[in-house]
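One-letter residues, chain by chain:
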Amino acid sequence: IPNGIIIVYDIHYRKSDNSDSFVYVNGITNTQHIIDGLIPNTSYTVGVRAYTIAGPGEWTDESAMTFNIPMVENFRATRISDTTVRVTWQQIESDAVDRYTVYYYSTSEVKRQVDSGSMNFSASVSEGVIDELDPNLEYIFSITVTFILGGIEYEGMQIVPIVPS
């Protein structure tokens, strides 16, 4: 042991694009540490250095990628009536899934009216019904998934909106 026994560790991290300053976590006594509150689908530079009786060592920076929130697949919207649409999707297999959110948007040149909204569906379902839509408007639909990781909610990206069949 050239510089002595390790006393504590310091950690620093930031987004790899250098858009933020480093966040420092000092005085860690364990060889493992969890960093909470990171942005999904983001690359981070994470560094560690050890302190011995001789002082701090060099930073050992590495790149790491956070959890990738998948997009919902096989999303379909089927018109049941002038005011009702059934939506279906493939469930994502993860205990961290909290809910699916279906968004709907519409415009109509005739009424110059815009209608939009959203509806949440439980993580345990793969279909739902959206009703009370305006029969005079044409709608498009999109879906996202929300995960809860470490008590923090992360909503994935919306898929490209689709027109009901």
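Each remark here, short or long, concerns the structure printed above.
Cut-offs used in this document
Residues numbered from 1 in each chain as written. Predicted model: local features only at pLDDT ≥ 70, side-chain atom pairs only at ≥ 80, totals over all residues. Heavy atoms only, no water. Pairing = 2+ DSSP bridges. Helix = DSSP H or I, 4+ residues; strand = E, 2+ residues; numbered from the N terminus. Axes fitted to C-alpha atoms, helices over the stretch in contact; angles between N-to-C directions. Phe/Tyr/Trp six-rings, centres within 6.5 Å; stacked < 30°, edge-to-face > 60°. Salt bridge = Lys/Arg side-chain N within 4 Å of Asp/Glu carboxyl O. Buried < 20%, exposed > 50% of the residue type's maximum accessible area, 1.4 Å probe, protein only.

Novice: Can you lay out the sheet that holds strand E6 (residues 73–79) for me, pointing to particular residues and giving the numbers?
Specialist: Taken in spatial order, the three strands line up as E6-E7-E10 in an open sheet, and their pairing is antiparallel. Across the chains shown, the open sheet's two edge strands, defined by having one partner strand only, are E6 and strand E10 (127–130). The average angle at which neighbouring strand axes cross in this sheet is 15°, direction not considered. With four bridges joining them, strand E7 (residues 85–90) and E10 adopt antiparallel strand pairing. Looking at E10, one finds that Thr88 is bridged to Glu127.

Novice: Summarise the packing of aromatic side chains; cite the residues concerned and give the values.
Specialist: Inspection of every chain in the model, using the stated rule, returns seven aromatic pairs. With a centroid separation of 5.3 Å and an interplanar angle of 45°, the aromatic rings of Trp89 and Tyr100 are classed as tilted. One end of the pair, Trp89, is in strand E7; the other, Tyr100, is in strand E8 (residues 97–108), with eleven residues separating them in the sequence.

Novice: Requested: an account of the pattern of salt bridges, with residues and values cited.
Specialist: With the rule as written, the count across this model stands at five salt bridges. Here Asp10 ties to Arg49 by a salt bridge, and the two come within 3.7 Å at their closest N and O atoms. Of the two residues, Asp10 sits in strand E1 (residues 8–15) while Arg49 sits in strand E3 (residues 43–52), which places them 39 residues apart along the sequence. Residue Asp10 is classed as buried on the basis of its relative accessible area of 5%. The salt bridge partner of Lys15 is Asp20, with a shortest N-O separation of 3.7 Å. Using a relative accessible area of 38% as the deciding quantity, one classes Asp20 as partly exposed.

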